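Listed below, chain by chain, are the residues.
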Amino acid sequence: MSRWVAPLAVLALVGAGVIWFVSAYERAPAREWVGPSGEARRNLYLAAERFAARMGLATRELRSLPELDTLKTDSVLLLPSRRQALDPRRMQEIVAWVEEGGHLIAEAELVGVADPLFELLGVERAAAPAPAKPVPIELPGGRKLAVSIFGAMTLQADGTNAARYVSFPYGDGMVSALAGLQFARNQVIGNEDNAAFLWHLLSLTRAAELQVYLRPERLSLWAFLVQHAAPVLVATAALLALWLWRIAPRFGPVRPDAPPARRRLLDHLRASGRFYWAQGLRGRLAIAARDAALRAITRAQPDFAASSAAERVARLCALAAIPGEEAQRFMSAGGSLPGADFIRIVHVAQRIHSALERGNYGK
């Protein structure tokens with residue numbers, strides 16, 4: 001029974017902890033910033049367009065340089081910075097459009113970066129510390145707004161004081177130059193008085209449409225693949241890494257070579273015989289086989305070497321049990337032999353060795 005005391009005590013403590021946690025805490029909803037997606041990620045001023053549409057203005061996006069040639073007179077053009085793609089002719093046409101009654105809301109380029117459009121409009125830039133909090137702007141009538149303009153500069157035009165924002169008539173139109181357009185971007189347009197300030201700018205003229213110039217983006221195959229085929233890229237990179245790992249040289253101690261296999265004498269003899277056969281030297285092999293058989297007979301019968309040729313043939317016939325003609329061919333073997341003759345000579349030599357091993361000396 002005592003062995004169950006410790007597990008039950010642990011279980012009771014865990015249960016008490018669960019009851020305390022449930023009674024002390026409760027689930028509560030929480031907001032989490034996940035960033036823009038879809039059209040909002042590509043168009044920083046989508047919220048400003050939606051806001052203007054709700055306020056009764058038509059909206060249009062200008063996504064290419066030729067579309068700047070179709071500006072309407074009774075409209076507002078929102079022109080962000082980084083517009084180096086504008087050529088001098090188009091900048092002259094934008095200035096002429098303002099003179100004819102258009103309203104240009106333009107963001108200044110960074111100090112140190114050329115801004116030919118502001119030079120044509122007579123707007124000067126001067127470096128200044130970037131504000132740490134929204135800038136107070138006083139509207140006609142005394143109303144003050146806190147606006148998110150965080151550009152590190154001040155602007156000044158003829159007849160205006162240096163400020164983060166200047167607005168002045170230009171011909172029959174209006175120019176509103178700002179150190180930054182952060183107040184009109186998706187992330188902050190709903191903060192402070194940014195939406196009210198944007199509506200104030202749009203109401204400076206009797207505009208019926210808001211036109212937003214979106215800097216044309218360069219087509220990028222890499223960006224397209226990352227957006228639409230990220231899993232494929234990851235799988236390809238993994239396969240490439242595995243392939244490189246497979247073909248890369250291994251590091252570490254060198255493995256010793258396996259000891260060479262020791263060949264038998266028969267293997268060497270077989271290899272030598274195949275070499276002679278392939279080179280057409282069967283006669284040498286036949287002579288070697290014949291001489292070896294005759295030496296074996298001489299060791300067994302010492303007087304064989306001193307016997308006459310006819311007697312040697314007779315003894316050979318008796319020893320190997322072969323006809324006299326075959327014994328004669330055996331004794332005179334040599335030169336270039338056909339394959340069949342070579343086989344017969346070797347066969348006779350083997351019969352001689354077998355007979356000598358049995359002790360049959362033909363006597």
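Now for a description of the structure that goes with this document.

### Description of unusual backbone geometry
For step 1, the next point in the chain: One non-glycine residue, Arg-82, lies in the positive phi region at around 60 degrees.
For step 2, the next point in the chain: With respect to the helices, strands and loops of the structure, Arg-82 is situated in the loop between strand 2 (75–79) and helix 4 (88–99).
For step 3, the next point in the chain: Among the residues examined, Arg-82 registers a relative accessible area of 54% and is labelled exposed.
For step 4, the next point in the chain: Phi at Glu-192 is positive, roughly 50 degrees, even though this residue is not glycine.
For step 5, the next point in the chain: Relative to the elements of secondary structure, Glu-192 occurs in the loop between strand 9 (173–178) and helix 6 (194–202).
For step 6, the next point in the chain: For Glu-192, a relative accessible area of 53% corresponds to the exposed category.

### Considerations on the nonpolar core
For step 1, the next point in the chain: Core analysis: the biggest nonpolar cluster contains 56 residues, and Leu-104, Ile-149, Leu-178, Phe-183 and Phe-197 have the highest contact counts within it.
For step 2, the next point in the chain: Take this core: its biggest share by element is 5 residues, from helix 4.
For step 3, the next point in the chain: Ignoring any residue separated from it by four or fewer positions in sequence, one finds Phe-183 in contact with Val-147, Ser-148, Ile-149, Leu-178, Val-188, Ile-189, Asn-194, Phe-197, Leu-198 and Leu-201.
For step 4, the next point in the chain: Among the nonpolar cores identified, the runner-up in size contains 25 residues, and Ala-293, Val-313, Ala-327 and Phe-342 belong to it.

### What about the pairing of strand 2?
Two faces, one strand: in a regular strand the side chains alternate between the faces of the sheet.
For step 1, the next point in the chain: Most of strand 2 is tucked away: 5 of the 5 residues are buried.
For step 2, the next point in the chain: Alternating residues of strand 2 divide into Ser-75, Leu-77 and Leu-79 and Val-76 and Leu-78, and every residue in both groups is buried.
For step 3, the next point in the chain: Here 4 bridges tie strand 2 to strand 10 (residues 209–213), and the two strands are oriented parallel to one another. By the bridge assignment, Leu-77 is partnered in strand 10 with Gln-211.
For step 4, the next point in the chain: The pairing of strand 2 with strand 3 (residues 103–107) spans 4 bridges and is classified as parallel. In the sheet register, Leu-77 faces strand 3, and the bridge partner there is Leu-104.
For step 5, the next point in the chain: What joins strand 2 to strand 3 is helix 4, and the crossover it makes is right-handed.

### What about the packing of helix 11 (residues 309–320) against helix 12 (residues 324–331)?
For step 1, the next point in the chain: Packing of helix 11 against helix 12 leaves a shortest axis separation of 9 Å and a crossing angle of 115 degrees. Once helix 11 is placed against helix 12, the crossing between them reads as right-handed. Judged by residue contacts, Arg-312, Val-313, Leu-316 and Cys-317 of helix 11 engage Gly-324, Ala-327, Gln-328, Phe-330 and Met-331 from helix 12.
For step 2, the next point in the chain: Here the contact of helix 11 with helix 12 is built from residues that sort into 6 nonpolar, 2 polar and 1 charged.

### What to know about the pairing of strand 10
For step 1, the next point in the chain: Burial analysis of strand 10 places 5 of its 5 residues in the buried class, the great majority of the element.
For step 2, the next point in the chain: Neither face of strand 10 is exposed, since Glu-209, Gln-211 and Tyr-213 on one face and Leu-210 and Val-212 on the opposite face are all buried.
For step 3, the next point in the chain: Direction of pairing for strand 1 (residues 58–62) relative to strand 10: parallel, over a ladder of 5 bridges. Among the inter-strand pairings, Thr-59 is bridged to a residue of strand 10, identified as Leu-210.

### Some words on the packing of aromatic side chains
For step 1, the next point in the chain: Across all of its chains, the model carries 3 aromatic pairs by this definition.
For step 2, the next point in the chain: Pairing Phe-51 with Trp-199 gives two aromatic rings, centres 6.5 Å apart and planes at 90 degrees, and the pair type is edge-to-face. Here Phe-51 is found in helix 3 (residues 46–54), whereas its partner Trp-199 is found in helix 6, with 148 residues between them in sequence.
For step 3, the next point in the chain: When its relative accessible area of 29% is taken as the criterion, Trp-199 is described as partly exposed.

Conventions used here
Residues numbered from 1 in each chain as written. Predicted model: local features only at pLDDT ≥ 70, side-chain atom pairs only at ≥ 80, totals over all residues. Heavy atoms only, no water. Helix = DSSP H or I, 4+ residues; strand = E, 2+ residues; numbered from the N terminus. Buried < 20%, exposed > 50% of the residue type's maximum accessible area, 1.4 Å probe, protein only. Core = buried A, V, L, I, M, F, W, Y, C linked by side-chain atoms within 4.5 Å. Contact = heavy atoms within 4.5 Å. Pairing = 2+ DSSP bridges. Right-handed = clockwise from strand over helix to strand, strands pointing away. Axes fitted to C-alpha atoms, helices over the stretch in contact; angles between N-to-C directions. Left-handed = near helix turned anticlockwise from the far one by under 90°. Nonpolar A, V, L, I, M, F, W, Y, C, P; charged D, E, K, R; others polar. Phe/Tyr/Trp six-rings, centres within 6.5 Å; stacked < 30°, edge-to-face > 60°.

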